[in-house]
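Per-entry structural report
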Amino acid sequence: MEIAQTPLATPHEAAWSPSAFEAQLRAKGRAYHIHHPFNVRMNAGGCTPDEIRCWVANRFYYQVCIPRKDAAILANMPDRAHRRLWIERILDHDGHGDFQGAAGGGLEAWTRLGEAVGIPREDLWSLQAVAPAVRFACDAYVRFAAQAPWQEAVCSSLTEMFAPQIHKDRLATWPQHYPWIEASGLAYFRNRIPLAGRDVEHGLQVTLEHFTTRVAQQRALDILQFKLDVLWTMLDAIEKASQQ
Ligand code: AHQ
């Protein structure tokens, strides 16, 4: 899995300080899919019910890929302290214990979102509605995470630095624009906000500690751009699929 390289920083260039490096990572937020025309239109109430259903059904493939991606990274993590943190991500999506309530996990919450927008559970889980380019983008993400050094795979999850806002936007706008969607269906977005913050704290610590030369820091920015491209191209494909 090749990551596009921006022109290499000259090797003798001084590394950024951790705070300057973090600022560079966060500046990538200008390419986050919160700014994608489909997302802007969706949160402004400009989507038809069919377009909302297309988005929910296609994004479900991304959701089911996340725990597989995280399990691949877990397998590459040599350090128990990191594994004990990272394994939480898998349980957050797959659920655990009695599987009831919050223990149901993100995939169950997304299934409830599907039912709230009019997609029966078996249709959502059949993945029949997933567009080829959405599958391609998500599979590229899982493949990268499985094959890259675990610290690089951790870095690729840092698009979640920008995720709390996109979840808050949906919670703030969907009820007024899409009153036909049962409010309980939005639980996934609400549940994700604190979890994203917890995950980014760990992901950022690993990233700031691992990428310590200027060339390595540029690699981290390129990895983040790859993941931003995964999310952006998913919305390109969803926008096209929703017009068919
Ligand atoms: O619901 C999302 C989620 O669980 C994750 C995990 C994380 C990763 O490991 O790459 N990224 C991510 C994201 C989720 N939701 C997306 C959205 O727009 O609802 C945002 C996405 C991300 O920012 O990477």
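Our structure is the block above this text.
For the structure given in this document, a descriptive report is provided here. Because the structure is predicted, anything quoted here is derived from the model rather than measured.

This next bit is on the site of the ligand. With respect to spatial proximity, 20 residues lie near the ligand, and among them K69, Y141, T159, Y188 and K227 are the closest. A distance of 3.1 Å separates a nitrogen atom of the ligand from a polar atom in the side chain of Y62. With respect to the ligand, the side chain of K227 contributes an N or O atom lying 2.6 Å from an oxygen atom. Taking 470 Å² as the accessible area of the ligand by itself, protein coverage stands at 99%. If you list the elements that add at least two residues to the shell around the ligand, you get α3 (49-76), α9 (163-177), α10 (187-210) and α11 (214-242).

Across all of its chains, the model carries 13 aromatic pairs by this definition. Where Y188 meets F189, the ring centres are 6.3 Å apart and the plane angle is 90 degrees; that geometry is what we call edge-to-face. Judged by relative accessible area, which is 6%, Y188 ranks as buried. Overall, the relative accessible area of 0% leaves F189 in the buried class. Joined through ring pairs, the aromatic side chains of W55, W110, W174, Y178, W180, Y188 and F189 make up one cluster. The ring of W86 has R89 lying over it, and the distance from NZ or CZ to the ring centre is 3.6 Å. Sitting over the ring of F189, R170 keeps its end group 5.1 Å from the ring centre.

Once that is clear, we can look at the packing of helix α1 (residues 18-27) against α10. Where α1 contacts α10, the axes come no closer than 11 Å and their chain directions differ by 120 degrees. Classified by the angle between their axes, α1 and α10 sit oblique to one another. Both α1 and α10 take part in a crossing whose hand is right-handed. Contacts from P18, F21, E22, L25 and R26 of α1 reach α10 at V200, L204, T207 and L208. Here the contact of α1 with α10 is built from residues that sort into 6 nonpolar, 1 polar and 2 charged.

With the rule as written, the count across this model stands at 13 salt bridges. Where R121 meets E108, a salt bridge forms, and the shortest distance between an N and an O atom there is 2.6 Å. Taken together, the residues span a long stretch of sequence, with R121 in helix α6 (residues 121-126) and E108 in helix α5 (residues 105-116) at a distance of 13 residues. Here D199 ties to R198 by a salt bridge, and the two come within 2.7 Å at their closest N and O atoms. D199 gets classed as buried once you look at its relative accessible area, which sits at 4%. Salt bridges here are not isolated pairs; linked through shared partners, they connect R89, D92, E160, R192, R198 and D199.

Next up on the list: the nonpolar core. Judged by nonpolar contacts, the single largest core of 65 residues is most densely connected at L25, I52, W55, V56, W110, L113 and W174. Elements with a contribution of two residues or more to this core: α1, α2 (37-43), α3, α5, α7 (132-147), α9, α10 and α11. The element best represented in this core is α11, accounting for 12 residues. With residues up to four places along the chain from it excluded, the contact list for V56 reads W110, L113, G114, V117, I119 and L124. Listed in part, the 10 residues of the second largest apolar core include W86, I90, A145 and W150.

The next point concerns α3. Relative to the 40 Å expected for 28 residues at 1.5 Å per residue, α3 spans 41 Å between its end C-alpha atoms, a close match to the ideal helical length. The largest bend in α3 comes to about 25 degrees, at I66, with the proline P67 one to four residues further on. Within α3, 21 of the 28 residues are buried, leaving the element largely enclosed by the surrounding structure.

With respect to the helices and strands, the residue A131 is situated in the loop between α6 and α7. Judged by its relative accessible area of 10%, A131 falls in the buried class. Spatially, the C-alpha atoms of A131 and A237 are 6.8 Å apart, while their sequence positions differ by 106 residues.

This part takes up the side chain of D222. For D222, the location among the structural elements is in helix α11. Here D222 sits buried without a salt bridge, and the closest side chain of opposite charge, K28, lies 5.5 Å off (N-O distance). Sequence-distant contacts of D222, that is, excluding residues within four places in its chain, are made with I3, A4, Q5 and T6.

Definitions and limits used
- Residues numbered from 1 in each chain as written.
- Predicted model: local features only at pLDDT ≥ 70, side-chain atom pairs only at ≥ 80, totals over all residues.
- Heavy atoms only, no water.
- Near = heavy atom within 4 Å.
- Polar contact = N/O pair within 3.5 Å; in protein donor to acceptor, adjacent residues only side chain to side chain.
- Areas by Shrake-Rupley, 256 points an atom, 1.4 Å probe, with all protein chains shown as cover.
- Helix = DSSP H or I, 4+ residues; strand = E, 2+ residues; numbered from the N terminus.
- Phe/Tyr/Trp six-rings, centres within 6.5 Å; stacked < 30°, edge-to-face > 60°.
- Buried < 20%, exposed > 50% of the residue type's maximum accessible area, 1.4 Å probe, protein only.
- Lys NZ or Arg CZ within 6 Å of the ring centre and 35° of its normal.
- Axes fitted to C-alpha atoms, helices over the stretch in contact; angles between N-to-C directions.
- Parallel < 35°, antiparallel > 145°, perpendicular 65-115°, else oblique.
- Left-handed = near helix turned anticlockwise from the far one by under 90°.
- Contact = heavy atoms within 4.5 Å.
- Nonpolar A, V, L, I, M, F, W, Y, C, P; charged D, E, K, R; others polar.
- Salt bridge = Lys/Arg side-chain N within 4 Å of Asp/Glu carboxyl O.
- Core = buried A, V, L, I, M, F, W, Y, C linked by side-chain atoms within 4.5 Å.
- Expected span 1.5 Å × (residues − 1).
- Bend = angle between axes of the 7 residues up to and from the residue.
- Lys, Arg positive; Asp, Glu negative; His and termini not counted.

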